[in-house]
Amino acid sequence: MKITTDTMEGGITQVTLEGRLDIEGAAAIDLKMNVIAGSASRLLLDMRQVSFLGSMGLRSIVVPAQAIKRRGGKLVIFDPVPMVEEVFKAANIDSIIPIHHDLDAALAALK
Amino acid sequence: MPEIPAPAASRRLVLASRLEELARVFPWVEALACAHALPPETCFAINLCLEEALSNAIRHGYAGDAGQTLTVEFALNSGQVVFVVEDAAPPFDPLTRAEPAAAPTLDELIPGGQGIHLIR
């Protein structure tokens, strides 16, 4: 699991994940995700290249999302593949963290 | 040119009760998927269920005891894919747990409690 960060226009932090967000993947990104969540106020989580998501992977997204929200910020999940999106839906995460497939809509949700 | 048959994917995987062992599950499932032409959605669901079931057995059933084993067996019966997970941990039926209510807001969500939703 690879994690990279970029700064977009308007002070949005883009975090790109690549690989399988299984138990091993979740452990690989946990620390960095929490560090990013400690300073980013608007985070676009690019999930396009994530091929798998388990419950530990969900946790490694939800915990930073909660931290950002507590500080008055926002996190948006961007363009997960259908099977990964199904996992968010099965866990009812889609009703509390926005998922957008369109980049403009994702950026608008972060304003 | 005669077709070379793929090596038979083993139908049985034995794991030590350590979370690091779970890294062996995905390549094993992939080999079975190749051998039996299982569609990607089926593979995804298999990996999801096995990760949940096995990590729960290791963390909760065996309470972190790394000296135990778990066995996963694969069977294909008239078009139905069956995986059986065997462990020696105390019995637990996730279906008897009350369904955790969906958290109305992000603040109220308890991280990590979503596994039972995923197995269901």
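Before reading further, recall that the structure is shown in the block above.
Here is what the cut-offs are and how they apply
- Residues numbered from 1 in each chain as written.
- Chains lettered and ligands numbered in written order.
- Predicted model: local features only at pLDDT ≥ 70, side-chain atom pairs only at ≥ 80, totals over all residues.
- Heavy atoms only, no water.
- Salt bridge = Lys/Arg side-chain N within 4 Å of Asp/Glu carboxyl O.
- Helix = DSSP H or I, 4+ residues; strand = E, 2+ residues; numbered from the N terminus.
- Buried < 20%, exposed > 50% of the residue type's maximum accessible area, 1.4 Å probe, protein only.
- Pairing = 2+ DSSP bridges.
- Right-handed = clockwise from strand over helix to strand, strands pointing away.

## With respect to the pattern of salt bridges
- Summed over all chains, the structure comprises eight salt bridges over all chains.
- Between A:Glu18 and A:Lys2 there is a salt bridge whose closest N-O contact spans 3.7 Å. One end of the pair, A:Glu18, is in strand S2 (residues 12–21); the other, A:Lys2, is in strand S1 (residues 2–8), with 16 residues separating them in the sequence.
- With relative accessibility at 48%, the residue A:Lys2 sits in the partly exposed group.
- Connected through shared salt-bridge partners, B:Arg18, B:Glu20, B:Glu21 and B:Arg24 make up one network.

## Looking at the pairing of strand S3 (residues 42–53) of chain A
Residue and element names in this part refer to chain A.
- Strand direction decides the pairing type here: S2 and S3, joined by eight bridges, are parallel. Bridging across to S3, Thr13 finds its partner in Leu43.
- For the crossover from S2 across helix H1 (residues 23–39) to S3, the handedness is right-handed.
- Judged from the five bridges that link them, S3 and strand S4 (residues 74–78) form a sheet pairing that is parallel. Within S4, the residue paired with Leu43 across the bridge is Leu75.
- Handedness of the β-α-β unit built from S3, helix H2 (residues 55–70) and S4 comes out right-handed.

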